[in-house]
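Report on the structure
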Amino acid sequence: MVSIDDEVVSELESQRQTLRLDEAVRLVEQEHQDVGTGVERERFEAYLDAMTYGRDAFPASFEEILVDAESWQGGGHVYRLADDRVSYYPPRWHAELRETPDLREFLRVMGTDAMETEGGDREAVTDDGVLKEMLLDAAVAIGGMTRQDARDQIRELKAEEEIREYPAQHANPWVQLR
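We now turn to the structure provided with this report. Keep in mind it's a predicted model, so treat the numbers as computed, not measured.

**Thoughts on the pairing of strand E8 (residues 174-177)**
Where strand E6 (residues 129-131) and E8 come together, 2 bridges link them in antiparallel fashion. Opposite Val-130, over in E8, you have Val-175 as the bridge partner. Bridge count between strand E7 (residues 163-166) and E8: 4 bridges; the pairing is antiparallel. Paired with Ile-163 across the two strands is Leu-177, which belongs to E8.

**Quick look at the pattern of salt bridges**
In the structure shown here, the tally under the stated rule is 17 salt bridges. The salt bridge partner of Glu-40 is Arg-43, with a shortest N-O separation of 2.8 Å. One salt bridge connects Asp-137 with Arg-147, and the closest N-O pair in it is separated by 2.7 Å. Of this pair, Asp-137 sits in helix H7 (residues 132-141) while Arg-147 sits in helix H8 (residues 147-159), and the two are 10 residues apart along the sequence. Exposure remark for Asp-137: the relative accessible area of 7% places this residue in the buried category. A relative accessible area of 24% means that Arg-147 is categorised as partly exposed. Among the charged side chains, a salt-bridge network with shared partners connects Arg-26, Glu-133, Asp-137 and Arg-147.

How each quantity is defined
Residues numbered from 1 in each chain as written. Predicted model: local features only at pLDDT ≥ 70, side-chain atom pairs only at ≥ 80, totals over all residues. Heavy atoms only, no water. Pairing = 2+ DSSP bridges. Helix = DSSP H or I, 4+ residues; strand = E, 2+ residues; numbered from the N terminus. Salt bridge = Lys/Arg side-chain N within 4 Å of Asp/Glu carboxyl O. Buried < 20%, exposed > 50% of the residue type's maximum accessible area, 1.4 Å probe, protein only.

See the structure below:
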């Protein structure tokens, strides 16, 4: 039996009216980023089972959103990784970004996928860049950074004019390399 965090279960429960299954994977993955790439499928399913409404809280089944793609396929997907693990992020991102603390590299790798992605109802990766919140989430889940360290790095890179945020005053702007 795998262990789960009651606080994460509470967070999933508090958002169940609007939370999509892929976003649930993202939340669980961030909590367990220190135990390997992605999250064990068994652990994620234990979180679903711990929720009041369990799997019925979501309109799609896990199998419907699970893909074997190597790169970003747009919102709403969960990626199959090796060793029966799953991730909100595609395997290529894990392979190329796991060892780097440089957000410029995150933007380069994530941005490359933007050019190849079609559709998706809430695109976090577009020609305009990567949504800031997704960049921060990926820095935590893949890069093992703290959210504050990633924010500080964004601030430094903006000051050095290596990146820009568009639109500049938006609460969750797209971030791109200059």
